[in-house]
Amino acid sequence: MFYYLLKYVVLGPLLRLFFRPGIEGTEHIPADGAAIIAGNHLSFSDHFLMPAIIKRRITFLAKAEYFTGPGVKGRLIAAFFRSAGQIPVDRSGKEAGQAAIREGLGVLSRGELLGIYPEGTRSHDGRLYKGKVGVAVMAIKGQVPVVPCAMVGTFEIQPPGKVVPRLKQVTIRFGEPLDFSRYAGLENEKAAIRAVTDEIMYAILGLSGQEYVDEYAAKVKAAEQAERPGKFPKLRR
């Protein structure tokens, strides 16, 4: 209930007013049934802008730290993220990836939309980075289509480290659904899930027009932080 209150009464109208998002390709989002929306991740604002402009409810997997903050402030933040359709996932340790996949498949098994950022973290420089294969495992095992999505302009309104976003128009583009039924039963094959992930990232790239980097974003950012400490905001995974 609170999700729709945020979407249609409180947060959604404000986001539309302030950022005047240009919306392209929403006809590619299935009207019903399970599907994955896989997008680039340029800004903290992405979490709210995409859900605000699509008709169906969408659930994202979010890092557990958003839900475990101390005190009243921490409880309020946790309540807000749950109300906004976020599911906490502990992304530390060896089982982190499997936990995220289990949670994602649970959402899909209920015939819902699942939102995923295959890069695994926000881009620190506006480029598009290599995707992690969890999205492919969920697409193949869940037997669901993947709708590529590109956020355009959100890095400029709220780059890493900026708390209050600039008021500037952004664009949100959705591409044609990708069908990976030909890979049925191959969710444990490394070559197959890598191929599926790369196809998804290529579709996002075509929509976003970003420069592509064939390395993981977290690894690149960590290396740059080591070379130039203090230049970048704290690494967010």
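What counts and how
- Residues numbered from 1 in each chain as written.
- Predicted model: local features only at pLDDT ≥ 70, side-chain atom pairs only at ≥ 80, totals over all residues.
- Heavy atoms only, no water.
- Helix = DSSP H or I, 4+ residues; strand = E, 2+ residues; numbered from the N terminus.
- Buried < 20%, exposed > 50% of the residue type's maximum accessible area, 1.4 Å probe, protein only.
- Pairing = 2+ DSSP bridges.
- Axes fitted to C-alpha atoms, helices over the stretch in contact; angles between N-to-C directions.
- Parallel < 35°, antiparallel > 145°, perpendicular 65-115°, else oblique.
- Contact = heavy atoms within 4.5 Å.
- Nonpolar A, V, L, I, M, F, W, Y, C, P; charged D, E, K, R; others polar.
- Phe/Tyr/Trp six-rings, centres within 6.5 Å; stacked < 30°, edge-to-face > 60°.
- Polar contact = N/O pair within 3.5 Å; in protein donor to acceptor, adjacent residues only side chain to side chain.

Draft legend 1. Examining unusual backbone geometry more closely. Unusually for a residue other than glycine, Gln143 sits at a positive phi of about 55°. As for its position among the elements, Gln143 is in the loop between α5 (134–142) and β7 (146–152).

Draft legend 2. Main features of the pairing of strand β5 (residues 113–116). Burial of the side chains of β5 extends over both faces: Leu113 and Gly115 are buried on one face and Leu114 and Ile116 on the other. Where strand β2 (residues 35–39) and β5 come together, four bridges link them in parallel fashion. Residue pairing for β5: Ala38 is matched across the bridge by Ile116.

Draft legend 3. View of the packing of α5 against helix α7 (residues 190–208). At a minimum axis separation of 8 Å, α5 and α7 run at an interaxial angle of 105°. Comparing their axes, α7 and α5 come out roughly perpendicular. For the pair α5 and α7, contact is made by Val135, Ala136, Val137 and Ile140 and by Ile193, Val196, Thr197 and Ile200, respectively. Here the residues of the contact of α5 with α7 sort into seven nonpolar, one polar and no charged.

Draft legend 4. Region of the structure containing helix α2 (residues 46–53). Most of α2 is tucked away, with eight of its eight residues classed as buried. Of all the residues in α2, the buried ones are Asp46, His47, Phe48, Leu49, Met50, Pro51, Ala52 and Ile53.

Draft legend 5. Inspection of the packing of aromatic side chains at higher detail. Within this structure, the stated rule accounts for three aromatic pairs. Ring geometry for Phe44 versus Phe48: centroids 5.5 Å apart, planes at 65°, classification edge-to-face. Of the residues examined, Phe44 reaches a relative accessible area of 25% and is grouped as partly exposed. Between Phe60 and Tyr117, the aromatic rings sit 5.4 Å apart at their centres with planes inclined by 20°, giving stacked as the arrangement. With Phe60 in strand β3 (residues 58–63) and Tyr117 in the loop between β5 and β6 (128–129), the pair connects residues that are 57 residues apart, well separated along the chain. For the pair Phe60 and Tyr117, one class covers both residues: buried.

Draft legend 6. The side chain of Asn40, seen in detail. By the secondary structure assignment, Asn40 is in the loop between β2 and α2. A polar contact is formed between the side chain of Asn40 and the side chain of Gln210, at a distance of 2.9 Å. Setting aside chain neighbours within four positions, we find Asn40 in contact with Asp46, Tyr117, Glu119, Leu128, Cys149, Ala150, Met151, Ile204, Ser208 and Gln210.

Purely geometric numbers; function is a separate question.
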